[in-house]
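Structure assessment
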Amino acid sequence: MALRSPYRLHAKNLAEDLNKYAPKKTLIIFSDEPDDFKNYPNILAFKHHQKGIPHCWNDRRFVVEKALSICPVVIHIDADTRILASIPENIEWQPGITAMHGDLLEQANKWMFPPDIKLMQKWASKLDISLEKASWIKESLYIITKDEGREIEFLKQWDIITRTLELKGYTSSDGYCMGMAAQKVGWTVKDNGWDTLDKITDHFYASGQAIKPRYFWNKLQRKLNYYYRLIQGWLIALNDPI
């Protein structure tokens, strides 16, 4: 996901790293300006406007879906990441999802806003998802491998969970929604091979360095975009009830 110019620049740096350390691999990007990547032969860029109501984090499900339509194994990596060494070719990724993970409720109580926790608990019950058994997933680096169609159901559940929560005011990260979706489809989050990739990457969390809009019109545009996505979400829900 590379929306807005700072993240497009980060994605270009990532593509250059990939060309150096894994020249046979392709980087699939969803961006507001896909033509910005036309000079990068190892990038497949697709047009995308933010769908997430408060944030674009859960929009990553669309990138993963596209990538899985092309490749049997997808490595999701945040745009604000650098690759530091050659990517091993001999890792046998297991079907399902591989990621750094932990107890979902423990992470939620440590990091989430209380209103988000209450929302998640309420809708998990309605969607028949056991949060006590679910895993939080670290969203900056994970691997999804085709699993006899279960990956399609995972993406479907991720979409349902995200739309349900965001329409009710959820603002927390996608790692919790992914963990709920994995629990819903019966996936156990694996970790074999994840540490190998983590050691050769550097995720520097550019979001923490984001520059807030200084001008009235910038703030107004962001506010208008937020309400546009909110209204659009409700219209979708009316036509396609969750």
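Notes on the structure follow. (Residues numbered from 1 in each chain as written. Predicted model: local features only at pLDDT ≥ 70, side-chain atom pairs only at ≥ 80, totals over all residues. Heavy atoms only, no water.)

Turning our attention to the sheet that holds strand β5 (residues 96-103). The antiparallel open sheet is built from three strands, whose spatial order is β3-β6-β5. Looking at which strands have only one partner, the edges of the open sheet turn out to be β3 (73-77) and β5. For this sheet the average axis-to-axis angle between neighbouring strands, irrespective of direction, equals 30°. Summarising the sheet, β3 and strand β6 (residues 135-145) pair through five bridges and their orientation is antiparallel. By the bridge assignment for β6, I77 is matched with L141. Taken strand by strand, helix α3 (residues 104-111) contacts β5 and β6, and its axis lies near 55° from that of β5. (Pairing = 2+ DSSP bridges. Helix = DSSP H or I, 4+ residues; strand = E, 2+ residues; numbered from the N terminus. Axes fitted to C-alpha atoms, helices over the stretch in contact; angles between N-to-C directions. Contact = heavy atoms within 4.5 Å.)

On to the environment of E132, then. Examined against the element boundaries, E132 turns out to sit in the loop between α4 (114-126) and β6. Judged by its relative accessible area of 61%, E132 is exposed. Note: C-alpha distance between E132 and L104 (28 residues apart in sequence) is 7.4 Å. (Buried < 20%, exposed > 50% of the residue type's maximum accessible area, 1.4 Å probe, protein only.)

This part covers the packing of aromatic side chains. Enumeration according to the criterion identifies three aromatic pairs in this entry. Relative to F46, the ring of F30 has its centre 5.8 Å away and its plane inclined at 55°; by these criteria the two rings are tilted. In this pair, F30 sits in strand β1 (residues 27-31) while F46 sits in strand β2 (residues 43-47), placing the two residues 16 residues apart along the sequence. Overall, the relative accessible area of 10% leaves F30 in the buried class. (Phe/Tyr/Trp six-rings, centres within 6.5 Å; stacked < 30°, edge-to-face > 60°.)

Next up on the list: α4. If you check α4, its first and last C-alpha atoms are 19 Å apart, about what 13 residues at 1.5 Å a residue would give, namely 18 Å. D128 sits one or two residues past α4 and shows a positive phi near 60°. (Expected span 1.5 Å × (residues − 1).)

Our focus in this paragraph is the pairing of β1. Extensive coverage of β1 is indicated by the burial of five of its five residues. In this structure, β1 lies alongside β2, joined through five bridges in parallel fashion. Pairing of F30 across the sheet is with F46, part of β2.

Since the α-helix advances by 3.6 residues per turn, residues separated by three or four positions end up pointing in the same direction. Residues L104, L105, Q107 and A108 constitute the buried set of α3. Relative to the axis of α3, the buried residues are bounded by an arc of 160° and lie together on one face. Turned more than 90 degrees off the buried face of α3, the exposed positions are E106, N109 and K110. For α3, the secondary structure elements touched by its buried residues are β5, α4, β6 and α6 (174-185). For α3, the N-terminal cap is D103; the gap from its side-chain oxygen to the backbone nitrogen of L105 is 3.2 Å. (Arc of directions from axis to C-beta. Polar contact = N/O pair within 3.5 Å; in protein donor to acceptor, adjacent residues only side chain to side chain.)

The subject of this paragraph is the nonpolar core. Counting 45 residues, the largest nonpolar core has I97, L104, F154 and M180 as its most contacted members. Listing elements by their share of this core, those giving two or more residues are β1, α2 (60-68), β5, α3, α4, β6, α5 (150-167) and α6. The leading source of residues in this core is α6, at seven residues. Residues contacting F154, with those up to four places away along its chain left out, are I97, I144, M178, A181, A182, V185 and W187. Counting residues in each nonpolar core, the second largest holds 21 residues, with I43, A79, I83 and I200 among its members. (Core = buried A, V, L, I, M, F, W, Y, C linked by side-chain atoms within 4.5 Å.)

A few words on the pairing of β6. Regular strands have side chains that alternate between both faces of the sheet. With respect to burial, β6 is a largely interior element, eleven of its eleven residues being buried. In terms of strand pairing, β5 meets β6 through seven bridges, oriented antiparallel. Directly across from D103, in β6, lies its bridge partner S135.

Glancing now at unusual backbone geometry. Positioned with a positive phi, R4 is a non-glycine residue whose angle comes to about 75°. Positioned with a positive phi, E148 is a non-glycine residue whose angle comes to about 55°. With respect to the secondary-structure elements, E148 resides in the loop between β6 and α5. Since its relative accessible area comes to 76%, E148 is described here as exposed.

Turning to the pattern of salt bridges, a few remarks are in order. One pass over the structure, following the stated rule, counts twelve salt bridges. In this structure, K25 engages E89 in a salt bridge whose closest nitrogen and oxygen atoms are separated by 3.7 Å. One end of the pair, K25, is in the loop between α1 (5-21) and β1; the other, E89, is in the loop between β4 (81-83) and β5, and 64 residues separate them in sequence. Its relative accessible area of 39% is what places K25 among the partly exposed residues. Looking at E89, the relative accessible area reads 59%, which means it is exposed. Taken together, the shared-partner salt bridges in this structure form one network comprising R8, K12, D32 and D36. (Salt bridge = Lys/Arg side-chain N within 4 Å of Asp/Glu carboxyl O.)

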